[in-house]
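# Reading the structure
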Amino acid sequence: NATLTTLNLKFNKLGRSTWRQLAFAIAARSQPIKVENRFQAWDDLLNEARLTLAYGAVPVMRFPLFVCGYSGVGKTTLSYSLEGKPVPTNLPAHTHGVETRNIIIDGREFSLWDYAGQIEYYVTHEFFLLPASQAVFVVCVRGDQSGDEATQQLEYWFRFIKCRIPRTREASERPQVLICVTHMDLVPRDQAMRVRNALTLEGRVLASSFEEFMNVDREPAFITATCFLPGQDAGMHLLQDKLLAAHAAIYAQKPQTPAICAKVRDSLQRIKVVNDACPVARVSECLAEYPELPAEVRCNILRYLHSIGEVFWLDRDGARDLLVVNVSWISTKLLGELLQPNDWLPAALQADSSGRLTRDQIACRLDLPEETSGSVLLFVLDVLKQLNLCHESRPGVFLFPALIPESNASA
């Protein structure tokens, strides 16, 4: 409509595809439109539309795979077994934060997000939950625990997903959710059938209860603890088949990404390798191959890559010059260790009884490169403050609530 000057987005519950078409229509207009009551997902779609119209698009071949579940259900072991790989022997006993890596299952690519199961980490999980319309969730529970406990855990994670995804009328835009029941070989033989029937029934109940928010597979995959290799376990074969079917369903929607963003993302892979210990880089370094890009376009590219979880970038004064090119470093090395205070600092650098640390103590623990330690430290502290995980109590001294001893916290 050439005469349209204002668009109010309040109370609209359109599907993502409809929102996307609207964003492209507005981005293509020569005359601006004032948008009222807009939301973050809308801004991301409009940014994507502008970049696509200016630089073209390429197909998306890799989709997010979120693995959720309480501690000890075997999520990390499962994530390696899906590829038919042995679990590395140097992994920590528990996942810290959110571990990310790319995996390939029978030629199909997934960006795997392995969420820590300890309750201390739940506060950070939502910061690393990508747009779910093109994602797959695997919710894991143990078969050898009590039926009530397994049911409660499943319900918790389903509510977690529901509360963090937009509601849509289009079933094809809802995330795919699979249920995986592990450690079935530890269930007594005379109880195995009862456990299978009970959790299958629970899966069907959840599928009906949450059908307006997600597409839930009604048949759980039952997997043993001792046979996590796909060639030896029928449950693993079934889970792989379900993931391949989910991948195909998402790919059938023909998702695309701006071509310029795909190029920048690929160039960032080289920076990840170089700066693996501390993958915080200057924006000018990351975009050195594209000197012709205007400053506004550079910001739009980083906004888009941040929205899809490829980088962590703060679009604010004092932080725009730096970005984290490996999001896993933020979630595991920084936040993951911080939320386990006993492991975060050596004895010589322990926080005082009120949970305070000096800037030098924090820099020492993070082992930042000397040439960038000042600017990177300010960036890291800005990230922590944005996530409400630290506060500057006085100049140069920072309060970390997670480091306050339990005795003092309760007092």
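Placed above this text is the structure.
Residues numbered from 1 in each chain as written. Predicted model: local features only at pLDDT ≥ 70, side-chain atom pairs only at ≥ 80, totals over all residues. Heavy atoms only, no water.

Our focus in this paragraph is the pairing of strand 8 (residues 176–182). With seven of seven residues buried, strand 8 is to be regarded as a mostly interior element. Burial along strand 8 is two-sided: the face carrying Gln-176, Leu-178, Cys-180 and Thr-182 and the face carrying Val-177, Ile-179 and Val-181 are both buried. Relative to strand 8, strand 7 (residues 136–142) runs parallel, the two sharing seven bridges. In the sheet register, Val-136 faces strand 8, and the bridge partner there is Gln-176. Bridge count between strand 8 and strand 9 (residues 215–216): two bridges; the pairing is parallel. Bridge pairing links Gln-176 to Asn-215 in strand 9. Across two bridges, strand 8 lies against strand 10 (residues 221–222) in parallel orientation. Its bridge partner being in strand 10, Val-181 is matched across the sheet by Phe-222. (Buried < 20%, exposed > 50% of the residue type's maximum accessible area, 1.4 Å probe, protein only. Helix = DSSP H or I, 4+ residues; strand = E, 2+ residues; numbered from the N terminus. Pairing = 2+ DSSP bridges.)

Moving on, we come to the nonpolar core. By size, the foremost hydrophobic cluster in this structure holds 32 residues, and its most contacted members are Leu-154, Phe-158 and Met-214. Those elements that provide at least two residues to this core are strand 4 (62–69), strand 6 (108–115), strand 7, helix 5 (147–163), strand 8 and helix 6 (189–209). Ranked by residue count, the leading element in this core is helix 5, at six residues. (Core = buried A, V, L, I, M, F, W, Y, C linked by side-chain atoms within 4.5 Å.)

Mapped onto the elements, Arg-270 comes out in helix 8 (residues 259–274). By relative accessible area, which is 48% here, Arg-270 ends up partly exposed.

A few words now on the side chain of Thr-224. Examined against the element boundaries, Thr-224 turns out to sit in the loop between strand 10 and helix 7 (234–251). Judged by its relative accessible area of 18%, Thr-224 falls in the buried class. Residues within four places of Thr-224 in sequence aside, it is in contact with His-183, Met-184, Asp-185 and Asp-233. (Contact = heavy atoms within 4.5 Å.)

Our next topic: helix 5. Over its 17 residues, helix 5 runs 24 Å from end to end, which matches the ideal 24 Å to within 8%, given 1.5 Å per residue. Three or more residues of helix 5 are buried, namely Ala-150, Gln-153, Leu-154, Trp-157, Phe-158, Phe-160 and Ile-161. End-on, the buried residues of helix 5 take up no more than an arc of 155 degrees, which puts them together on one face. Exposed residues pointing more than 90 degrees away from the buried face of helix 5 are listed as Asp-148, Gln-152 and Cys-163. (Expected span 1.5 Å × (residues − 1). Arc of directions from axis to C-beta.)

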